[in-house]
Amino acid sequence: MELVPQGRCRWLLPRQGQMRVPGVVFATRSLLPAAVGDRSLDQVVNVACLPGIVDASYAMPDVHWGYGFPIGGVAATDIEDEGVVSPGGVGFDISCGVRLLVSQIHRNDLCGELGELMNALGRMIPRGTGPGGVLPRCSADELDDILVAGAAHLVARGMGTPDDLKRCESGGTMPGAGPEKVSTRARERGARQVGSLGSGNHFAEVQAVDQVLDPATAEAFGLRTGSVCVLVHCGSRGLGHQVCTDYVRLMDTAMHRYGIHVPDRQLACVPVPSAEGESYLAAMAAAANYGMANRQALTHAIREAFAAAGLGELVLLYDVSHNLAKIETHPVDSHLRTLCVHRKGATRAFPPHHPELPADLAPYGQPVLVPGSMGTASYVLVGVEASPAFHSACHGAGRVLSRHAAARHIPIEKLRSEMAAAGILVRGASTRGLVEEAPESYKDVDEVVRACHEAGLAKPVARLVPLGVVKG
DNA sequence: ATGTGC
């Protein structure tokens, strides 16, 4: 595959065949082989063939192979010029995302109590596949409220504060949700999972700020060297998964009625202004609200554990999804266009003074939360002006070993001893899950963040290191 | 990611 260097940390995949736009990969030279090796760049090329795609098919520095679209892919379509929406461009875990809670305590004040805190978090955080959540069972009416109002519903029932909502993407409620577009099966799966981590790379991690990289922004975000934080990474559980499954199946048959042909069936899509497209976006918004409500319910449990341990308050810095399609306005060839921006394993990164930002954060830009792999650093970045890729950045370290390969190649004793040697307390992880999420399974998050910075996608604010983790 | 397969 031909990759043409295009400046710092930017590589061009020139148009060929059915591509309507070129591909663009943001990566340092050392990150490229991972992307080339796993066929994710073939997926970048496939996405470039979608009807209505504008500008380019983008790959973030943590790109890796996914269903149809690569994970770490960004693609925008012009909704007034044949633009399509594709469930594969959002992913199975709709509204998978991250929120960062910031405490007032310093890591040095925690040392003797960390074990007890992790025990409490381990007891109070539902996790793993299958049912179980902070809300044990939702009635049909309450599930409707969650699908329509998202995190705002949980705040209304006392699990959180109005200030929390100001610090959520879209104020904690993604507009345009259509609960009636969510299947009975999806609702059944979701009713018993509100407030649960799930599995895989989902986690709740107690962290401390290790380095402040942008002092003024870090201060505005409440982050000082040594600050204890909690990073929550989870999504919309079985409900979002079922929504994706339902609409991939629907679009796989429907797209031919619109004369759409794509190079990979997993790119099934329909025009945004079609009955099927509007239904998917309404169901997706409902699942997004479920995802934000899920993180809000977990926040409630985490705050209770902190309070029980006498560790004080946790302020929500921000909650942002990295698996969504959103209707946004962006300049294309210097004309403002209304686009359907698919971010799959990519974080929205709005610049300073964007109207969607809360007033107190607006001078600085949107917090961009980047969870690392287990046992490694995580980052807080901030959106910048003139960012390419429709104001998007990476979403994590990015997998390099498949789950299967990780299980075969990484000895469990080595991993447990490494975590223990680093003083990181682990709660609730199965041996298999632990090995699958080992640092060796992922790219180097420091390198991924460096690529984001040098490519002009976002600016690093603070580096956080793990103290203890509750694994899904 | 996922009641880890239709």
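Residues numbered from 1 in each chain as written. Chains lettered and ligands numbered in written order. Predicted model: local features only at pLDDT ≥ 70, side-chain atom pairs only at ≥ 80, totals over all residues. Heavy atoms only, no water.

Going by what an unreviewed UniProt entry lists, chain A is known as tRNA-splicing ligase RtcB and is assigned to Saccharopolyspora phatthalungensis. According to the UniProt record, the Sequence similarities (unreviewed entry) comment for chain A is "Belongs to the RtcB family." The UniProt entry for chain A carries the following comment under Subunit (unreviewed entry): "Monomer." (UniProt positions renumbered as here; feature names shortened; annotations may be inferred.)

Visitor: Hey, could you go over the overall build of chain A for me, with residue numbers and the actual values?
Guide: Along its length, chain A carries 15 helices and 19 strands. Counting over 472 residues, chain A shows a buried share of 62%. Looking at chain A alone, contacts between residues at least 24 apart form 77% of all its contacts between residues at least 6 apart. With the model as given, the accessible surface of chain A reaches about 17200 Å², and the carbon-plus-sulfur share is 52%. The distance from the centre of the 43 positive side-chain charges to the centre of the 48 negative ones in chain A is 5 Å. (Helix = DSSP H or I, 4+ residues; strand = E, 2+ residues; numbered from the N terminus. Buried < 20%, exposed > 50% of the residue type's maximum accessible area, 1.4 Å probe, protein only. Contact = heavy atoms within 4.5 Å. Areas by Shrake-Rupley, 256 points an atom, 1.4 Å probe, with all protein chains shown as cover. Lys, Arg positive; Asp, Glu negative; His and termini not counted. Charge placed at Lys NZ, Arg CZ, Asp CG, Glu CD.)

Visitor: How would you explain the packing of aromatic side chains if you had to name every residue and give the values?
Guide: A complete count under the given rule lists four aromatic pairs for this structure. Measuring from centroid to centroid gives 5.9 Å for Tyr58 and Phe390, while their planes differ by 80 degrees, and the two rings are edge-to-face. A residue pair is termed long-range when its members are at least 10 positions apart, and Tyr58 in strand S4 (residues 57-64) and Phe390 in helix H11 (residues 388-391) qualify at 332 residues. For the pair Tyr58 and Phe390, a shared accessibility class is recorded, and that class is buried. (Phe/Tyr/Trp six-rings, centres within 6.5 Å; stacked < 30°, edge-to-face > 60°.)

Visitor: Explain the UniProt feature "active site" (unreviewed entry) in chain A to me, using residue names and the numbers behind them.
Guide: Per the UniProt record, "active site" (unreviewed entry) is annotated on His395. By the secondary structure assignment, His395 is in the loop between strand S17 (392-393) and helix H12 (403-409). Judged by its relative accessible area of 11%, His395 falls in the buried class.

Visitor: How would you sum up the protein's contact with DNA strand B? Please name residues and give values.
Guide: With respect to spatial proximity, 17 residues lie near DNA strand B, and among them Arg189, Ser199, Gly200, Asn201 and Arg403 are the closest. Within 4 Å of the protein, atoms of DNA strand B come from sugar and phosphate in 53% of cases. In the environment of DNA strand B, a phosphate oxygen lies 3.0 Å from a nitrogen or oxygen atom belonging to the side chain of Gln193. In this structure, a base oxygen belonging to DNA strand B sits 3.3 Å away from a side-chain N or O atom of His241. Of all elements in the fold, only helix H7 (184-191) and helix H9 (237-254) reach the threshold of two or more residues within the surface near DNA strand B. Looking at which element gives the most residues to the surface near DNA strand B, the answer is H9, with three residues. Along the lines of polarity and charge, the residues of the surface near DNA strand B split into one nonpolar, 10 polar and six charged. (Near = heavy atom within 4 Å. Polar contact = N/O pair within 3.5 Å; in protein donor to acceptor, adjacent residues only side chain to side chain. Nonpolar A, V, L, I, M, F, W, Y, C, P; charged D, E, K, R; others polar.)

Visitor: Tell me about the side chain of Arg343, residues and numbers included.
Guide: As for its placement among the helices and strands, Arg343 is situated in strand S13 (residues 335-344). For Arg343, a relative accessible area of 4% gives the class buried. Separated by 3.4 Å, the side chain of Arg343 and the backbone oxygen of His391 make a polar contact.

Visitor: Provide a residue-level description of the nonpolar core, including the pertinent values.
Guide: Ranked by internal contacts, the top residues of the largest apolar core, which has 102 residues, are Tyr58, Met60, Tyr280 and Met284. The element contributing the most residues to this core is helix H10 (residues 275-308), with 12 residues. In this structure Tyr280 touches Val85, Pro87, Val90, Ile94, Tyr247 and Met251, once residues within four positions along its chain are discounted. Grouped together as the second largest cluster of nonpolar side chains are 35 residues, Ala218, Val380, Leu415 and Ile424 included. (Core = buried A, V, L, I, M, F, W, Y, C linked by side-chain atoms within 4.5 Å.)

Visitor: Can you break down helix H13 (residues 412-421) residue by residue, with the values?
Guide: The set of residues buried in H13 consists of Ile412, Leu415 and Met419. Taken around the axis of H13, the buried residues stretch over an arc of 65 degrees, which confines them to a single face. Exposed side of H13, more than 90 degrees from the buried face: Glu413, Ala420 and Ala421 are the residues found there. If you follow the buried residues of H13, they end up packed against strand S18 (425-427) and helix H14 (431-436). Positive phi shows up at Gly423, right after H13, with a value of about 75 degrees. (Arc of directions from axis to C-beta.)

Visitor: Talk me through the pairing of strand S19 (residues 458-471); I want residue IDs and the actual numbers.
Guide: Within S19, 13 of the 14 residues are buried, which leaves the element mostly enclosed by the surrounding structure. Here strand S8 (residues 203-212) pairs with S19 via nine bridges, running antiparallel. Residue pairing in the sheet places Val206 in a bridge with Gly468 of S19. Looking at chain direction, strand S16 (residues 378-383) and S19 are connected through six bridges and run antiparallel. Paired with Val382 across the two strands is Lys459, which belongs to S19. Strand direction decides the pairing type here: S18 and S19, joined by three bridges, are parallel. Paired with Arg427 across the strands is Val470, a residue of S19. (Pairing = 2+ DSSP bridges.)

Visitor: Hey, could you go over the environment of Gly198 for me, with residue numbers and the actual values?
Guide: Within the secondary structure, Gly198 sits in the loop between H7 and S8. Gly198 sits 274 residues away from Gly472 along the chain, and the two C-alpha atoms are 5.2 Å apart. The contacts of Gly198, once residues within four sequence positions are left out, are Arg127, Gly128, Arg237 and Gly472.

Visitor: Let's hear about the sheet that holds strand S3 (residues 23-26): which residues, and what values?
Guide: Spatial ordering of the open sheet is given by S1-S2-S3-S4-S5-S13-S12, a layout of seven strands whose pairing is mixed. Both edges of this open sheet fall to strand S1 (4-5) and strand S12 (323-332), since each of them pairs with a single strand only. Alignment of S4 against strand S5 (residues 71-78), held across three bridges, turns out to be antiparallel. Within S5, the position partnered with Ala59 by the bridge is Gly73.

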